[in-house]
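# An overview of the molecular structure
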Amino acid sequence: MDRRRMTAIGVLVAAAGLTAAVTVPSFAGEEPRRAAPATDGVAPEVLDAMGRDLSLTRDQAVKRLRTERWAAGTVTRLRAELGAGYGGSWLSADGATLTVAVADAAGEARVKAAGAVPKRVARGVAELDAVKSRLDAAGGAASPDIAGWYVDVTDNTVVVVARPGAEADGRRFAAAAGSKTAMVRVRTADEAPRPLFDVRGGDAFFINNAGRCSVGFSVVGGFVTAGHCGRPGDRTTGSNRVAQGTFAASSFPGDDWAFVRVNGDWTPQGVVTDFSDGRTVAVNGSTEAPVGASICRSGSTTGTRCGLVQAKNATVNYPEGTVTGLTRTNVCAEPGDSGGAWLSGDQAQGVTSGGSGDCTRGGVTFFQPVNEILQRNNLTLVTAGGQPAPTQPPAGGGETAPPATVPPTPPAGDTECAGQVSRSGRIAAGRVQVQPDGRFFRVPGGGTQEACLAAPDGVRVTLELQRFTNGAFRTVARATSADGVARLTVEGPAGAYRYRVTGLSGSGEYTLAFSAR
């Protein structure tokens, strides 16, 4: 990934609509379903999803997408004309007005002549990108209370997202990276980005007959998805549990992309499934949409959801490590949606990486831009007509949350495991849980940490103690259960810790008791 590329300043070439391609298995005697006729080049399923999530009529959705197409071309031209004076661009909330930020008076006339609204700003977007690059380089020093950072072109600053009560951590992190106070804004948000790979059943595809993710886009020879879903050599099966393919390439953290090469029994199709009522949507290219554009995604857990692009080239601190170059949206997602397709009209945009929140309360979700995946792996997107689409140049996981308040409690129901704190949960083969309560706890001074996990007969688990180090939670001790019990004792320094429970076989309730002294 080119760390110098322009951050999500709406400079990217946008296409009217939303797209993504899922690998659709072909079964003997069954013809693949065809996409419904499009309106003004946009599939009706996309318009229906936009109507549901953006409160638009079909006519309003079509009009908005037309404006977004125009905005994409206009931004591309103005970016080249304005050069260093270009400060970013964005669409208004209703998608009707394109604003272009300029760092000098000479650029205002050019913007007006192009039909957009100019806004004078103190600095060009290249200067903001340089600040963000310094934060990226210092990312290992960020505490787990910092969810990530991105360029906000609407207020001409770099935003550091800190969880409630950790604003001072955000300011210290920015200062340590050599950022000027005026150029960095700390925003408080209860966000806990995580890769969305929980095993929850359903369709899509399975990794090593355990974890489930969602197919992104069909490419010649297979499909692309999220990197945190698997590693090279991992085997996949389809939703029908039929052998499907193998992870041929994967990158996570740093990036979040993967390529799965399918076997001869599967035929990549240039469509996206699970759109609204389960029908398919055509994919006809991968022209990138600007900041402020409407966008929809399709995932195997929550189906199709729509919202707006908020920022490009965002950096996210997952417990597993920092990922840069993601696109930030206000679309919701849930575990199992990882790797799924993001669409703008009939144009592929990216694959789901992770997010914060869920589709009941709403949330923030990030995706890895698809054009970078195609270029990095020399892949060719498959479009609806079965023809490869030319690659467009790029423009340019786990759980983390605020520290848990963990009051001392007696161990729950098991006399063999005792500790200062007790938590219980239900585990099954292939599942992963983080304790306490999906969060972490702080150990203010060094000392001995002890943990004991008790599970029923027939249930085997691995228990790991992880410490937040260099921007990610890293395992410092590990034990596998024997006779229903896993025990850990380790000497460790002060810091933020969590326990990770991974099911190996069987299923049932467990009790984890632990202490730090």
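Presented here is a report on the structure given in the accompanying data block. This one's a predicted model, so the numbers in the text were calculated from it and none came from an experiment.

Bringing the pairing of strand S30 (residues 472-480) into the picture now. As paired elements, strand S29 (residues 460-469) and S30 share 8 bridges and run antiparallel to each other. Each residue of the ladder has a partner; that of Glu-464, found in S30, is Arg-478. Taking the residues between adjacent antiparallel strands as the criterion, S29 and S30 are bridged by 2 residues, where Asn-470 takes a positive phi near 55°.

Moving on, we get to the packing of helix H2 (residues 58-82) against helix H3 (residues 106-113). Running from N to C, H2 and H3 point in directions that differ by 160°, and their axes come no closer than 11 Å. Here H3 runs roughly antiparallel to H2, going by the angle between their axes. Between H2 and H3 lies a crossing whose hand is right-handed. Here Leu-78, Glu-81 and Leu-82 of H2 lie close against H3, whose contacting residues are Gly-107, Arg-110 and Val-111. Of the residues belonging to the contact of H2 with H3, the class tally is 3 nonpolar, 1 polar and 2 charged.

This next bit is on the sheet that holds strand S3 (residues 117-120). If you trace the 3 strands from one edge of the open sheet to the other, you get S1-S2-S3, paired in mixed fashion. Every interior strand has two partners, whereas the edge strands, strand S1 (86-91) and S3, have only one. Recorded for the sheet is a direction-independent mean angle of 25° between the axes of neighbouring strands. As paired strands, S1 and strand S2 (residues 98-102) are joined by 4 bridges and run antiparallel to one another. For Tyr-86, the partnering residue across the bridge sits in S2 and is Val-102. Each of S1 and S2 touches H2; the most contacted strand, S2, lies at about 15° to it. Packed on one face of the sheet, H3 meets S2 and S3 and runs near 160° to S3.

Here we take up helix H5 (residues 167-176). All of the buried residues along H5 are Gly-170, Phe-173 and Ala-174. Along H5, the residues classed as buried sweep out an arc of 95° about the axis, all on the same side. Exposed and facing more than 90 degrees away from the buried side of H5 are Arg-171, Arg-172, Ala-175 and Ala-176. Just beyond H5, the residue with positive phi is Gly-178, at close to 80°.

This part is about helix H1 (residues 44-54). Taken residue by residue, H1 has Pro-44, Glu-45, Val-46, Leu-47, Ala-49 and Met-50 as its buried positions. Immediately downstream of H1, the backbone of Ser-55 shows phi near 55°, a positive value.

For side chains of opposite charge, pairing can occur when their charged atoms come near one another. Applying the stated rule across the entire model yields 19 salt bridges. Salt-bridge contacts for Lys-132 lead to Asp-136; the nearest nitrogen and oxygen are separated by 3.0 Å. Residue Lys-132 and its partner Asp-136 are located together in helix H4 (residues 125-137), separated by 4 residues, close to a single helical turn. Look at Asp-136 and you get buried, because its relative accessible area is 17%.

The rules we used
- Residues numbered from 1 in each chain as written.
- Predicted model: local features only at pLDDT ≥ 70, side-chain atom pairs only at ≥ 80, totals over all residues.
- Heavy atoms only, no water.
- Pairing = 2+ DSSP bridges.
- Helix = DSSP H or I, 4+ residues; strand = E, 2+ residues; numbered from the N terminus.
- Axes fitted to C-alpha atoms, helices over the stretch in contact; angles between N-to-C directions.
- Parallel < 35°, antiparallel > 145°, perpendicular 65-115°, else oblique.
- Left-handed = near helix turned anticlockwise from the far one by under 90°.
- Contact = heavy atoms within 4.5 Å.
- Nonpolar A, V, L, I, M, F, W, Y, C, P; charged D, E, K, R; others polar.
- Buried < 20%, exposed > 50% of the residue type's maximum accessible area, 1.4 Å probe, protein only.
- Arc of directions from axis to C-beta.
- Salt bridge = Lys/Arg side-chain N within 4 Å of Asp/Glu carboxyl O.

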